[in-house]
Amino acid sequence: MFARISTYQTSPNTLRNAPTEEIITRVLQLPGCKGIYYLNSKESDKALSITLWDTEESMVATRQDATRIREETSEADKTHIVSVEEFAVTANSLNT
């Protein structure tokens, strides 16, 4: 599994604390996308999105589409994209 982590700077002008259902659906429809998390800091003007991918090839193949969605969302929500990084997931566990 692989992860793309985007860091955003938020501000008092930021319109939403999470992506819309439409944005979530668009991301989840990208080939190979296994999930999305959105995290908002309560202590700073920072937010993160984490998307999970079944293979590195899927993650790489969706870079352009993901960039377009990220830029559209950031502009609409009045956030600033600070960074985008990609990682191999080397451990994972969720209590369900």
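Going by the structure above, here's the rest.
Residues numbered from 1 in each chain as written. Predicted model: local features only at pLDDT ≥ 70, side-chain atom pairs only at ≥ 80, totals over all residues. Heavy atoms only, no water.

Draft legend 1. How the structure looks around the packing of aromatic side chains. Scanning the entire structure with this criterion turns up 1 aromatic pair. Seen from their ring centres, Tyr8 and Tyr38 are 6.1 Å apart, and the 40° between their planes marks the pair as tilted. Linking Tyr8 in strand β1 (residues 2-9) with Tyr38 in strand β2 (residues 33-40), this pair joins segments that are 30 residues apart in sequence. Classification of Tyr38 as partly exposed rests on a relative accessible area of 27%. (Phe/Tyr/Trp six-rings, centres within 6.5 Å; stacked < 30°, edge-to-face > 60°. Helix = DSSP H or I, 4+ residues; strand = E, 2+ residues; numbered from the N terminus. Buried < 20%, exposed > 50% of the residue type's maximum accessible area, 1.4 Å probe, protein only.)

Draft legend 2. Quick peek at the nonpolar core. Counting 8 residues, the largest nonpolar core is built from Phe2, Ile23, Val27, Leu30, Cys33, Trp53, Met59 and Ile69. Discounting residues that sit within four places of it in the chain, Cys33 has contacts with Val27, Leu28, Leu52 and Trp53. (Core = buried A, V, L, I, M, F, W, Y, C linked by side-chain atoms within 4.5 Å. Contact = heavy atoms within 4.5 Å.)

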